[in-house]
Amino acid sequence: MRFITISTLTLLIFSCNNSTYDRENTKVSINDTAQNVMTDTTKKDIIEQIRVSIKSGFYDKEEIITNIEDYLYEIPFDQDWTKHQIDKAYAERLKEQSIWSAVTDFDKLVQAFDRLNSSEIIALHNAGITKQDGEGDSKEIHEDLLKKGINTKGFCYYHWQDIERVIDDGYLYIGFGDFNNDDKEALEIGKQVASTLESEGFKLNWDKTVATRIEITNIKWQKRFGNDNCSYDRTKKLLRKSKIE
């Protein structure tokens, strides 16, 4: 008991004497700890997250580091090292973008989606992570516009999992549907989406049923950084404009 008491007092004295030092070095200590415990697996996961995020073209450097924090959750990692990897990958991608053709396949996809939005079909880029997200976001926009007297006939979208796939294999899946759970109406939406995509030079694989999504088989994913031409705000603006016209 006496040993425990003495030990406790010693620890308290040591802690008091070093409290200023601890406060000043907390940030450094945390980063050093993260650097020391960061495994090769964690590093590979971070590099892969950076690669996909950069190649997607949808996220800036600040958003990528935030996404990595969310992805790793409570797994410690070296932020300085991670930011360096992001800077390097971002600079390399900018260099690649400088030699792309003036109009890329992504620009053609934007043109197709713009035309669909202008014809009262909600067309969303990077609509969440899953099919449920894409359909849910489309329905939310539909209901919001309906309150303003603007009706939409249906929707189409692709989500983040589709982007992850197209980056590596060149195939992009487009989901579609209507807002009345009517297969006949949904099929007509699908046909209009397919026709619009084909008019931009895309080759499709689709069995012309509501049971399958439309697959673009020849798209090269070259999206420049910045989302002004593919944001939800742009979609809503085009849909509102279609009502006026």
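In what follows, the structure referred to is the one given above.
Student: Report on the overall build of the protein chain, specifying residues and quantitative values.
Tutor: Of regular secondary structure, the protein chain possesses ten helices and five strands. Here the protein chain, with 245 residues, has 38% of them falling under the buried criterion. Across the protein chain, the fraction of contacts at a sequence separation of at least 24, relative to all contacts at a separation of at least 6, is 68%. When the accessible surface of the protein chain is totalled, it reaches about 14,600 Å², and 50% of it is carbon and sulfur.

Student: Any details on the side chain of Gln-222? Residues and values, ideally.
Tutor: One can find Gln-222 in the loop between β5 (214–216) and α10 (232–244). Look at Gln-222 and you get buried, because its relative accessible area is 13%. Not counting the four nearest positions on each side in its chain, Gln-222 is found in contact with Arg-93, Trp-100, Thr-104 and Phe-106.

Student: Any chance you could break down the pairing of strand β2 (residues 154–157) for me, citing the residues and the numbers?
Tutor: Side-chain positions along a regular strand alternate between the two faces of the sheet. Burial of β2 is two-sided: the residues Gly-154 and Cys-156 facing one way and the residues Phe-155 and Tyr-157 facing the other way are all buried. Judged from the four bridges that link them, strand β1 (residues 121–124) and β2 form a sheet pairing that is parallel. What sits directly across from Ala-123, in β2, is Cys-156. In terms of handedness, the path from β1 via helix α7 (residues 131–146) over to β2 forms a crossover that is right-handed.

Student: Before we move on, could you go through the sheet that holds β1 and cite the residues and values that matter?
Tutor: Strand order in the open sheet formed by five strands is β1-β2-β3-β5-β4, and the pairing between neighbours is mixed. The sheet terminates laterally at β1 and β4 (204–205), the two strands that pair on one side only. Bridge count between β4 and β5: two bridges; the pairing is antiparallel. The partner of Leu-204 across the bridge, within β5, is Ile-216. Strands β1, β2, β3 (172–178) and β5 of the sheet are contacted by helix α6 (residues 105–118), whose axis makes an angle of about 150° with β1. The strands touched by helix α9 (residues 183–199) are β1, β2, β3, β4 and β5; relative to β3, the strand with the most contacts, the crossing angle is about 140°.

Calculation criteria
- Residues numbered from 1 in each chain as written.
- Predicted model: local features only at pLDDT ≥ 70, side-chain atom pairs only at ≥ 80, totals over all residues.
- Heavy atoms only, no water.
- Helix = DSSP H or I, 4+ residues; strand = E, 2+ residues; numbered from the N terminus.
- Buried < 20%, exposed > 50% of the residue type's maximum accessible area, 1.4 Å probe, protein only.
- Contact = heavy atoms within 4.5 Å.
- Areas by Shrake-Rupley, 256 points an atom, 1.4 Å probe, with all protein chains shown as cover.
- Pairing = 2+ DSSP bridges.
- Right-handed = clockwise from strand over helix to strand, strands pointing away.
- Axes fitted to C-alpha atoms, helices over the stretch in contact; angles between N-to-C directions.

Honestly, that's just the spatial picture; any functional story needs more than this.
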